[in-house]
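# Structure at a glance
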Amino acid sequence: QVQLVESGGGLGQAGDSLRLSCAASGGTFNGYPVGWFRQAPGKEREFVAAISWSGSSTRYADSVKGRFTISRDNAKNTVYLQMNSLKPEDTAVYYCAARGRWTGIGTMKYEYNYWGQGTQVTVSS
């Protein structure tokens, strides 16, 4: 069982940068592919980015490609989402999630077994 804790959300203006962190609490991230999703008010939770368990492969939603970077430090049991050139439409609650151990990278919500509680990101224009 993996318990996930997000941090790093907050307020920003268009063009700002924020870095989100997702830590594995009470366990290890070793072997788990991790993804970031987000949910804006009144909208479905959507895929943002994902990283393989080794860190060698990544995937991004078209809406964030070139602006967001996902990375991981398995020694620190932490996955990061660096968000640059933020836009008001990036405003949402951001969730990290983990797939089953030693599985492939995923972009769909149903592929993920473990979820954090979410962290709010608000970007003003």
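Look above for the structure.
Residues numbered from 1 in each chain as written. Predicted model: local features only at pLDDT ≥ 70, side-chain atom pairs only at ≥ 80, totals over all residues. Heavy atoms only, no water.

### Regarding the pattern of salt bridges
Counted only if it meets this: Just to be clear on terms, a salt bridge is a Lys or Arg side-chain nitrogen sitting within 4 Å of an Asp or Glu carboxyl oxygen. The helix count covers DSSP runs of H or I at least four residues long, the strand count covers runs of E at least two residues long, and both are numbered beginning at the N terminus. Three exposure classes are used, based on accessible area relative to the maximum for each residue type with a 1.4 Å probe and protein chains only: buried under 20%, partly exposed in between, and exposed over 50%.
Applying the stated criterion across every chain yields a total of five salt bridges. Put simply, R38 and D90 hold a salt bridge, and the shortest N to O gap is 2.9 Å. Of the two residues, R38 is situated in strand 4 (residues 34–39) and D90 in the loop between strand 8 (78–83) and strand 9 (92–98); the sequence distance between them amounts to 52 residues. In this structure, D62 and K65 form a salt bridge, with 3.2 Å as the shortest nitrogen-oxygen distance. A residue is classified by how much of its surface remains accessible, and D62, at 66% relative accessible area, is exposed.

### A word on the side chain of D90
Under the convention used in this document: Two N or O atoms form a polar contact when they lie within 3.5 Å of each other; inside protein one atom must be a possible hydrogen donor and the other a possible acceptor, and for residues adjacent in sequence the pair counts only when both atoms belong to side chains. Whether two residues touch is decided by their heavy atoms; if any such pair falls within 4.5 Å, the residues are in contact.
Residue classification places D90 among the buried positions, given a relative accessible area of 0%. A polar side-chain atom of D90 sits 2.9 Å from a polar atom in the side chain of R38. The contact partners of D90, leaving out residues within four places of it in the chain, are R38, R67, F68, S85, V121 and V123.

### Considerations on the state of the cysteines
Rules: Throughout, a disulfide means two cysteine sulfur atoms within 2.5 Å of one another.
Enumeration over the complete set of coordinates arrives at one disulfide. Across the disulfide from C22 sits C96; the S-S distance is 2.0 Å. Across the S-S bond linking C22 and C96, the dihedral sits near 60°, which makes this disulfide right-handed. Within this pair, whereas C22 is found in strand 3 (residues 18–25), its partner C96 is found in strand 9, the two being separated by 74 residues in sequence. What makes C96 buried here is its relative accessible area of 0%.

### Looking at the nonpolar core
The test is simple: Residues belong to one nonpolar core when they are buried, are Ala, Val, Leu, Ile, Met, Phe, Trp, Tyr or Cys, and are joined through side-chain atoms within 4.5 Å.
Counting 33 residues, the largest nonpolar core has F29, W36, L81, M83 and Y94 as the members making the most contacts within it. For this core, the elements supplying multiple residues, two or more each, are strand 3, strand 4, strand 5 (46–51), strand 7 (68–73), strand 8, strand 9 and strand 11 (119–124). When neighbours within four sequence positions are excluded, F29 is seen to be in contact with V2, L4, C22, A23, A24, V34, R72, N74, N77, T78, V79 and A98.

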